[in-house]
Amino acid sequence: MASSDTATSPAPTGEGALGAANLVKRFGDREALRGVTFEIYAGELVAIIGPNGAGKTTLLSILAGIQQPTGGSVHRPAGGPLEVGWVPQHPAIYSKLSVTENLRLFARLERVADPDAAVERMLDQTGLHERAGDEVSTLSGGNRQRVNIAVGLLSDPEVLLLDEPSSSLDPRQRERLWEFIGGLTERGTAVVYSTHNVAEAERYADRVLVLADGELLFTGSPRDLEQAVGARDRDLDFESAFVTFLHERGH
Amino acid sequence: MRWLLLKDLQILRRSPLLVALLVVYPILIALLIGFALSRGPEKPRVAFLNQVPASASKINLGGQSIDVTKYTNQLFQAIKPIRVHSRAEALDKVKSGDALAALIIPPDVTQKLASGLQPARVEVIYNNEDPLKARLVDQAISSRLAQANSALADTFKDIAAQDIKLLLDGGTFDLFGRTIDILGLKKTKTILDATIATLPKNSASRIALQQVTQFAQLAIQNLNVSDQVLTTVSNPVQVKRIALKGKRVPLDAFAVAVSVTVSLMFVTILLAAGMLALEREENAFLRLVRGLVSRLGLVLEKVVLAALCGLPVAVLMMAGISPFVSLDWSHFPLWLAALAVGAVAFAAMGVAIGGVTREVRAASLMAFGLSLPIAFLALVPSGSVSKGVYDLIGAISAIFPFKPTLDAMDHALAGSGTDMLLPLLHLAILTAAFTAIGRVALRRFA
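Residues numbered from 1 in each chain as written. Chains lettered and ligands numbered in written order. Predicted model: local features only at pLDDT ≥ 70, side-chain atom pairs only at ≥ 80, totals over all residues.

### What to know about the overall build of chain A
The condition is simple: By definition, any uninterrupted DSSP run of H or I lasting at least four residues is a helix, any uninterrupted run of E lasting at least two residues is a strand, and each is numbered from the N terminus. Throughout, radius of gyration means the C-alpha value; the globule benchmark is 2.2 Å times the number of residues raised to the power 0.38. Any residue with 12 or fewer other C-beta atoms within 10 Å of its own C-beta is exposed, any with 20 or more is buried, and the rest are partly exposed; the C-beta atoms used are placed from the backbone.
Scanning chain A from N- to C-terminus turns up nine helices and ten strands. For 251 residues, the compact-globule estimate of 2.2 N^0.38 gives 18 Å, and chain A sits close to it at 18 Å. The C-alpha extent of chain A, read off along each of the three principal axes, is 55 × 40 × 35 Å. Looking at chain A as a whole, 46% of its 251 residues are labelled buried.

### Structural notes on the overall build of chain B
We count it as follows: Our contact criterion uses C-beta atoms placed from the backbone: two residues qualify when those atoms are within 7 Å.
In terms of helices and strands, chain B carries 17 helices and eight strands. Every one of the 446 residues in chain B was classed for burial, and the buried ones make up 32%. In chain B, once contacts between residues fewer than 6 apart in sequence are set aside, the share between residues at least 24 apart is 77%.

### Examining the sheet that holds strand E4 (residues 80–83) of chain B
Residue and element names in this part refer to chain B. Applied cut-off: By this definition, two strands are paired if DSSP reports at least two bridges between them. Every angle, taken between N-to-C directions, lies between 0 and 180 degrees, and every axis is a line fitted to C-alpha atoms, over only the stretch in contact when it is a helix.
One open sheet accounts for four strands, arranged E4-E1-E5-E6; its pairing is mixed. Strand pairing shows two members of the sheet lacking a second neighbour, E4 and strand E6 (123–126), which therefore form its edges. Averaged over all pairs of adjacent strands, the angle between strand axes in this sheet comes to 25°, irrespective of strand direction. Both strand E1 (residues 45–50) and E4 contribute to a ladder of four bridges, which runs parallel. If you follow Arg45 over to E4, its bridge partner there is Lys80. Packed onto the sheet, helix H4 (residues 87–96) meets E1, E4, strand E5 (101–105) and E6 and runs at close to 160° relative to E5.

### Here's the deal with helix H17 (residues 417–441) of chain B
The cut-off we apply is this: Take the residue count of a helix, subtract one, and multiply by 1.5 Å to get its expected span.
With 25 residues, H17(B) extends 36 Å between its outermost C-alpha atoms, agreeing within 8% with the 36 Å of an ideal straight helix rising 1.5 Å per residue. Listed as buried for H17(B) are Met420(B), Pro423(B), Leu424(B), Leu427(B), Leu430(B), Thr431(B), Phe434(B), Thr435(B), Gly438(B) and Ala441(B).

### Quick notes on the interface of chain B and chain A
Many descriptions give the size of an interface as the accessible area lost when the pieces come together. Our working rule: Residues are grouped as follows: nonpolar covers Ala, Val, Leu, Ile, Met, Phe, Trp, Tyr, Cys and Pro; charged covers Asp, Glu, Lys and Arg; every other residue, Gly included, is treated as polar.
Taken together, the contact between chain B and chain A spans 15 residues of the former and 18 residues of the latter. Those elements that provide at least two residues to the side of chain B that touches chain A are helix H1 (2–13) and helix H11 (284–289) of chain B. For the side of chain B that touches chain A, the element with the highest residue contribution is H1(B), accounting for four residues. When its residues are assigned to classes, the side of chain B that touches chain A shows six nonpolar, four polar and five charged.

### Description of the sheet that holds strand E5 (residues 71–75) of chain A
Residue and element names in this part refer to chain A. Spatially, E3-E2-E5 is the arrangement adopted by the three strands of the open sheet, whose pairing is antiparallel. Every interior strand has two partners, whereas the edge strands, strand E3 (30–41) and E5, have only one. Pairwise comparison of adjacent strand axes, ignoring direction, gives a mean angle of 15° for this sheet. The sheet contact formed by strand E2 (residues 16–27) and E5 spans four bridges and is antiparallel.

### What to know about the packing of helix H14 (residues 360–378) of chain B against helix H16 (residues 402–414) of chain B
Residues and elements named next belong to chain B. Quick note on the threshold: Our angle categories are set so that under 35 degrees counts as roughly parallel, over 145 as roughly antiparallel, 65 to 115 as roughly perpendicular, and the remainder as oblique. Here a crossing is called left-handed whenever its near helix is offset anticlockwise from the far helix by less than a right angle, and right-handed whenever the offset is clockwise.
In contact at an axis separation of 9 Å, H14 and H16 are set at 50° when each is read in the N-to-C sense. Put simply, H14 runs oblique to H16. In the packing of H14 onto H16, the handedness of the crossing is right-handed. Contacts from Ile374, Ala375 and Ala378 in H14 reach Phe402, Lys403 and Leu406 in H16. Residues of the contact of H14 with H16, tallied by class, amount to five nonpolar, no polar and one charged.

### Quick look at the confidence of the model for chain B
As a reminder of what qualifies: The predictor rates its confidence in each residue with pLDDT, a number between 0 and 100.
When pLDDT is averaged along chain B, the result is 82; 89% of the residues meet or exceed 70. Our summary of model confidence lists the complex with pTM equal to 0.70 and ipTM equal to 0.81.

### Some remarks on the packing of helix H3 (residues 115–126) of chain A against helix H4 (residues 141–153) of chain A
Packed helices, taken two at a time, are described by the angle their axes make and the gap between the axes. Residue and element names in this part refer to chain A. H4 packs onto H3 with a crossing angle of 135° between their chain directions and a minimal axis gap of 10 Å. Taken together, H3 and H4 sit at an angle that is classed as oblique. Crossing of H3 over H4 shows right-handed handedness. When H3 is examined against H4, the residues Met122, Gln125 and Thr126 are found in contact with a partner set consisting of Arg146, Val147, Ala150 and Leu153. Looking at the contact of H3 with H4, its residues break down into four nonpolar, two polar and one charged.

### Some words on the pairing of strand E7 (residues 159–163) of chain A
All names here are of chain A. Of all five residues in E7, five are buried; the element is thus mostly enclosed. Burial of the side chains of E7 extends over both faces: Val159, Leu161 and Asp163 are buried on one face and Leu160 and Leu162 on the other. Inspection of the sheet shows strand E6 (residues 84–87) paired to E7 by four bridges, in the parallel sense. Residue pairing for E7: Gly85 is matched across the bridge by Leu160. Pairing between E7 and strand E8 (residues 190–194): five bridges, direction parallel. When the sheet's bridge partners are listed, Leu160 is paired in E8 with Val191.

### Quick word on the environment of Val293(B)
Looking at where Val293(B) falls in the secondary structure, it is placed in the loop between H11 and helix H12 (295–321). Judged by C-beta crowding, with 19 C-beta atoms within 10 Å, Val293(B) ranks as partly exposed. Measuring from C-alpha to C-alpha, the distance between Val293(B) and Leu4(B) comes to 9.2 Å, with 289 residues separating the pair along the chain. Among all residues touching Val293(B), those that are not within four sequence positions of it are Leu109(A), Leu4(B), Leu288(B) and Leu298(B).

### Observations concerning the environment of Gly79(A)
Tracing the chain through its elements places Gly79(A) in the loop between E5 and E6. Between the C-alpha atom of Gly79(A) and that of Gly16(A), which follows or precedes it by 63 residues, the distance is 9.6 Å.

### Quick look at the environment of Asp154(B)
Locating Asp154(B) in the fold gives a position in helix H6 (residues 131–169). Sequence separation of Asp154(B) and Pro401(B) is 247 residues, and the distance between their C-alpha atoms is 50 Å.

### Remarks on unusual backbone geometry
For Asn22(A), which is not glycine, the phi torsion reads 50° and is therefore positive. Judged by local crowding, Asn22(A) falls into the partly exposed class, with 14 C-beta atoms found within 10 Å. Residue Arg358(B) is not a glycine yet carries a positive backbone phi of 70°. Its place among the elements puts Arg358(B) in the loop between helix H13 (332–357) and H14.

Have a look at this one:
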C-alpha cells in the first residue's frame, strides 16, 4: 500500500495484480526513487503522472523488470509468478518485418504455447487483420503503436505497463488507443501507464500515482486529487489542481 | 537464438540493396587490393632509338656470332618502347611527356663490343617531372642493362675459356680466313718429355728443357682451373635464396589470401556491427533483454549471424578466383577452418563496434574507418619502415583479427595445418576479448 506520508484515497477493491514495496533506486548519489509503495488491482487503469525527472520511466522500468531496484521489491500480491507485459514509449518492433512476423517472432521468444493462435488473437484485438501482411514501416504511427501494444499483450499478462503510449499519436489515433486499452481493462487486465498529458490521466485513469523527485506524493482517483487541493472551491481544473498539489508539496 | 537468427536473415532478405552493397563493395575493394598485390606497376613508356645499322647488329667474338637485338628484346620486357627515328624526336617525346625517358643506342655500340677494348655506352634521357616515375624508369632500364651486361660477360667468359682450352689441348684457330694449327701445352709437354728422355743425363740441353717442361706442367695445372676462375670473375657474387619465414605461397595465392580476408572482414564486421546497433535503433533491445534473450545471447547471436553470412561469401570468392589463380583445392578443409575462425573473430570485433557506437550509421562508419587501416597496416612489409615503427605496427595488428586471419589463410593455402594453429589460437583469444567488449558495451544500450 502507499507509504505513510503519501496522500491516499480508499484503495479500489479487487484482486491485487502487482505490488511495489518500498522501491528505492539510486544512480550514484542521485536518488531516482525513494521508498515507493503501491498496489495495482485487476482491471484497473492507473496513470503515473509527475513533472520531468520525477522517476516515472524508472518506476515503469523496475516494474517491467528491465532495471533492478536498489532496494524494495516488486511482487504479485496473490503470490506466484508476476505476469507483466511492457510497452515502451517508441514502438519496439522490427520495421522490416510484417505485423504478423513481428507478433509471431515475439510470441516464439516469449515461448507462448501456441504462437499462431496468439498472433490471431492479437490481430483480432488490435483490428489489424487487414494489415497483417504489411511491413511495419508502411503503417501509420497509431497502427504501429497498436502492434507495439499487441506484442506486450502476447503472453496474456495480468498487468500491462505502457510508457507514454499516446505521446506520438494524433487526437484520432489517441481516441482509438484509449478505446483499445479500455477493452483490455474490461477483460480484467490491469493497465499502468506513465504520461505527461494530465488531461488524459483525468479522462481515462481510474487512479493516478503522483510522483515528484522520486517520491510517491499521491495515489487516488483524479477527483480525489482535485479534492485534496480544494479545486472546486478555488475553481481549478484538473491540470491546475495537479500543479497546485505539487506546489503545495514543495515541487 | 534460432528465432532471432531467422528474424535477422528475414530482415536482410528484405534489404536487397544493403546486402548487395555489403557483398559487392568488399569484394571490389578486395579484388583491387589483390590485383595491386599480384601485378607490378605498368611498364614505363620509353622512346627508343637504335642507331646501329641492321647489318651491324651481329658481332663476332672469338668465332661466335652474337646478335645484339636479343638483348634489346630483353629490355623491351621491362619497358613499353616508342620507336623513334632520330635523337631530336626522342628528346621531343621526353619533353612532351609522351615518354618518361629516351634510350638511345649509338651506332658504334657493336664495334666497341666486338673490339673488347673499350666499353660500349648507351644513353638514357629522363623526364624528371615525376620523380617516382623517373625512378621507376631508371630501375627498369638499369636492371635490364645489368642483365644484358651479365649475359655479355658470360659470353666473353665462354670465349676466353675456349681460347684457354685451345692453348691447353691444342686444335685449330680461324684468323682472317686462315686456319692455324695450335699444338697446345699438353702436347708440347709430351713432346718435350719424350725429347728429354733421349738426352744424356748431364746434358745442358736436358736441364734447360726440364725447366721448360716444368713451366708447361705448372701452366697446365693452373690453366685447368681457369674456367672456374673466369666464372668467378664474370659473376663474382652469386645469390643463394633462403626463406627463413613468412609466405609459403606464390604471390598470386597470397593476393588471394589478402583479397578473401579483406572481403570476409568487411562483410562480417559491418553485418555484426550494424545488426547489433539495429536492435537499439528499432527500440527492440530492451524488449528482448527483458527475459526473452540474455545480453550475452544477443551478442553471440550477432556473431553467429555475421559469421554465417560472411563465410559463404568468402568461400564463393575463393571459388570465383580459382579459375584465374592456381589453388590447391585439396586444402579446402584448411581454408574452411581458417575462414570460419576468422569470420567469428571479425564478427566479434563487429559486435564490439556495434555495442560501442550504438547507432547503425556510426557503427558502419567506424567499421569502415577501422577495417581499412587495419588491413593496410597488416600488409606493411618488414624493412619498409624503421624497426620501432614496424614493432608498433605489429603490436597494433596483433589486437585486430586481420593479421592472424591472413596468416591462417596463408598457411591454409600452403596446406600447412600445424602452422595454422597459432594464428587460430590468436583468433580465438581475440574473439573472446571482442565478445566481452561487446557484452560490456550493451550496458550503455538502454
